[in-house]
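# Structural description and commentary
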Amino acid sequence: MKTPTDKQLQRIEKKRRKMEALLEITKLNDKDREARALAEKQANMEVEQPEELANVSSSNGVSSSDNPNRKRPCSTTEDVNAENVNHEKNLQDSQQSDPLSNKKPRLSGEEFLKLKQELKLRKAKLQAIPRFHLRTVGENASLNANVKTDDRIPIFLSDVQHLLLYSLLGHHSPYLPARWCVLEKFNKVTHTVVLVIEGLSLYHFLAYESMFSNITAKLDFRLELVTPAAYGGSIVEELSAVPLTGTQSRRLIAQFGSLESALQSTGDLVKLLKVVFPMHSTAMNDKEKAREKMQLPPNDKFPRTQLLLSPWQLVEENYPLPLKGELAKRYSKYILTKDMYDEATPKSPMFGLDCEMCRTTTGLLELTRISIVDESLNVIFDRLVKPDNDITDYLTRYSGITKEMLDGVTTTLSDIQQSLRDLLPADAILVGQSLNSDLHTLKMMHPYIIDTSVIFNMTGDRYRKTKLQILAREFLSEQIQHSKNGHCSMEDSRASLRLAQLKLSQSIHFGDAVLLGQQELESRQKQKKDQVKAEAQKYGTSIFSHVAKNKRTAAIIGREDVLNEYSKYLQNSSLSIMDDKHFNQDDQVRLVMADSNKHAVSRASQIALEHAFTLSHVRVEEEKLKEEHLEKTFRSVNKWVSKVWQHSAVNGLVCVIFGGQDNAANGACFLNIKKEAVPLRTMLKTEAQS
């Protein structure tokens, strides 16, 4: 073996000293944590002791200085000074007798290897811990004290579904929760447990927070949630059904040649929009609604409501919305196009809209022209507008507006707003290219939007939009925006409406490179048509099908009425489903029918460790939410949360959902990752000894 040089020996020595110092620091940190935990425990014990104990001590003649519970005995100033002098003298004597006493001992080869192994073990333990934190969107929905009630912007149940999928599938999940949160080390999450409690709302938690001690103590992340109950939808549907993504669609097209049978919609967009905009409720039953959905205009191949932007898309595309919180402050001067809306249907009228703007002394763009066309492409509204502030740049190259055109114009923005409120019907669908900028210029909000920059895509990337000029050239064979005099709002509004009509006459994936993949649909549609329906049914679109792909199992626990709803999303799958009594390792989904809510939670706790995904769904009846039963109900819910938490594994994700109240209060989502209860230093010692 080659003898190391002096420099090599020095480097080795430095490395040893660094590692030794690191270990000392980590041990001190662990000791500090244990000391803090012990101090908190002792403090709690002292608080819980009855006051009579102190009275008994004083009555027996025990002085405060002799009290064994006292942490530090009283001492005089002279005693303290004498003690300090003696300590300093002893320290000086020891340093003089042993000049090397203040230096740390050097490690031998065996000690060095042991130290290295201990640090390696500690690093491995720390890397195996999953971590969860909120992004800005999640922070805006948080119930923490630093977020004011008026500033909260709730997340959607689909956001929670995306987190659940990611915790189970990681990067293989069809959707990621990156919009509102971050889950690090997803592959270290042992399992995911969800407790859905229908009937309870955010109001119940905030008003009676002291009764939900197990939520506040164990579930650190608490957020406001828009649940389907608020608009008459189904929590079961939004949790279970997973819509197809562009990637999944490309796979289906490549395999079968069509998306006709595979493309599914999860939830009714119109119902979801009810949460945001004031809307009349229709008196039709489910059969009548289904019949109406089948009655399409002659040229439409599918309902135009499927092209509407969802509330989530409206937020993502920066459309003005009458949501509360920070958005309410931002759009406080905006007005609605109607005081009350009707539900949009496949026969709701579409209107193409486009605005032109000029820059004013405010530095912002202000409205100078607006054009609206109907479905016959007739111009029904075209006005020039005088901005409230002086114009500094007419932007003629883009707007087509000149100083001469606006001479004598007296129409103001408020005049236009009132005209639109009078002109548009209550179920009008506005169509345009990136209409968010037009609505911001109009300072108006509208629920039903078809954005041609979203429904058409030639880049294959949702975040790279295709210009209206290119869309018109490629799909309509029209040349627009080529005039040297600038754009024409009538021309642009007609082009946008014609693009929407063209898509409706084809299919929902027409003109969308994200859905079409390499746009091979036309050549592949002729192949394997007979296989499409049969094969598409086998393709998993429920959350349980996604879980089973990795040879993992799921469990659904609830009363009979709950299980009947979940079974709708299991009927057309190829999953191996079995009841609780006969379930074995070859099955993929376990259905547990409970006699009561208490039984459902209890059984979920018993089998949670056996499955990658456990979903317990209970419903609290209105009778139990009456004032005389509230305390008992909430204490039961608090016990349920405690039981689920206690029976979850370390590094398991626990999520509790309050489902909200029908057409009333929002819901809430509480979640956390369960951490190791044993101190890390103790755990390392145990493993090192084994």
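This text follows the structure it describes.
The model shown is predicted, which means the values in this text are computed figures rather than measured ones. (Residues numbered from 1 in each chain as written. Predicted model: local features only at pLDDT ≥ 70, side-chain atom pairs only at ≥ 80, totals over all residues. Heavy atoms only, no water.)

We now examine the overall build of the protein chain. Per the secondary structure count, the protein chain includes 29 helices and 19 strands. Counting every position in the protein chain, which comprises 690 residues, the buried fraction comes to 45%. Here the analysis covers contacts within the protein chain between residues at least 6 apart in sequence; of these, 72% occur between residues at least 24 apart. Total accessible area on the protein chain is roughly 37,600 Å²; 49% of this is exposed by carbon and sulfur atoms. (Helix = DSSP H or I, 4+ residues; strand = E, 2+ residues; numbered from the N terminus. Buried < 20%, exposed > 50% of the residue type's maximum accessible area, 1.4 Å probe, protein only. Contact = heavy atoms within 4.5 Å. Areas by Shrake-Rupley, 256 points an atom, 1.4 Å probe, with all protein chains shown as cover.)

So, about the sheet that holds strand E17 (residues 613–619). The strand order across the open sheet built from nine strands is E2-E5-E19-E18-E4-E17-E14-E16-E15, with neighbouring strands paired in mixed fashion. At either margin of the open sheet sits one strand with a lone partner, and together these are strand E2 (155–156) and strand E15 (577–579). Across the sheet, helix H27 (residues 597–607) touches strand E4 (192–198), strand E14 (554–558), strand E16 (589–593) and E17, and the angle it forms with E17 is around 170 degrees. (Pairing = 2+ DSSP bridges. Axes fitted to C-alpha atoms, helices over the stretch in contact; angles between N-to-C directions.)

You can see Arg222 is positioned in strand E5 (residues 221–226). Despite being buried, Arg222 has no salt bridge partner; Asp220 is the closest side chain of opposite charge, sitting 5.1 Å away. Within the structure, the side chain of Arg222 is placed 2.7 Å from the backbone oxygen of Leu219, a separation counted as a polar contact. Arg222 has contacts with Ala141, Ser142, Leu143, Phe205, Ile215, Thr216, Cys669 and Phe670, leaving out every residue within four places of it along the chain. (Lys, Arg positive; Asp, Glu negative; His and termini not counted. Salt bridge = Lys/Arg side-chain N within 4 Å of Asp/Glu carboxyl O. Polar contact = N/O pair within 3.5 Å; in protein donor to acceptor, adjacent residues only side chain to side chain.)

Looking now at the pairing of strand E18 (residues 653–658). Among the six residues that make up E18, six are buried, leaving the element largely enclosed by the rest of the structure. Where E4 lies against E18, six bridges are found, and the strand directions are parallel. If you follow Val193 over to E18, its bridge partner there is Val654. Of the pairings in the sheet, the one linking E18 to strand E19 (residues 667–673) comprises six bridges and is antiparallel in character. Its bridge partner being in E19, Phe658 is matched across the sheet by Ala668.

Moving on to unusual backbone geometry. One non-glycine residue, Asn318, adopts positive backbone phi at about 65 degrees. Mapped onto the fold, Asn318 is located in the loop between helix H13 (311–316) and helix H14 (326–330). With a phi close to 70 degrees, Leu377 is a non-glycine residue in the positive phi region. On the secondary structure map, Leu377 appears in the loop between strand E8 (365–373) and strand E9 (379–384). Accessibility expressed as a relative area gives 23% for Leu377, which makes it partly exposed.

Our next topic: the environment of Met593. Assignment of secondary structure puts Met593 in strand E16. On the basis of relative accessibility, which here comes to 47%, the residue Met593 falls in the partly exposed class. Each C-alpha atom of the pair Met593 and Asp579 lies 8.0 Å from the other, and the pair is 14 residues apart in sequence. The residues touching Met593, leaving out its near neighbours within four places in the chain, are Gly558, Glu560, Leu563 and His599.

Another point: helix H20 (residues 468–476). When we look at burial in H20, the residues that qualify are Leu468, Leu471, Ala472 and Leu476. Buried residues of H20, viewed axially, fall in a sector of 100 degrees; they line one side. (Arc of directions from axis to C-beta.)

Evaluation of the coordinates by the stated rule reveals 19 salt bridges. Note that Arg179 and Asp159 form a salt bridge whose closest N and O atoms lie 2.6 Å from each other. You can see Arg179 sitting in the loop between helix H6 (157–169) and strand E3 (181–184) and its partner Asp159 sitting in helix H6, a full 20 residues away along the chain. According to the relative accessible area criterion, Arg179 is buried, its value standing at 18%. For Asp159, a relative accessible area of 1% gives the class buried. The residue Arg619 makes a salt bridge to Glu198 at a minimum N-O spacing of 2.8 Å. Taken together, the residues Arg619 in strand E17 and Glu198 in strand E4 connect sequence positions 421 residues apart. Judged by relative accessible area, Arg619 falls into the buried class, the value being 18%. Residue Glu198 is classed as buried on the basis of its relative accessible area, which comes to 19%. Each of Glu198, Asp561, Glu565 and Arg619 takes part in a single network of salt bridges with overlapping partners.

Core analysis: the biggest nonpolar cluster contains 58 residues, and Ile370, Leu442 and Ile450 have the highest contact counts within it. Formed by 46 residues, the second largest nonpolar core is a distinct cluster that contains Ile155, Leu157, Leu169 and Ala548. (Core = buried A, V, L, I, M, F, W, Y, C linked by side-chain atoms within 4.5 Å.)

That's the geometry; what it means functionally is another story.
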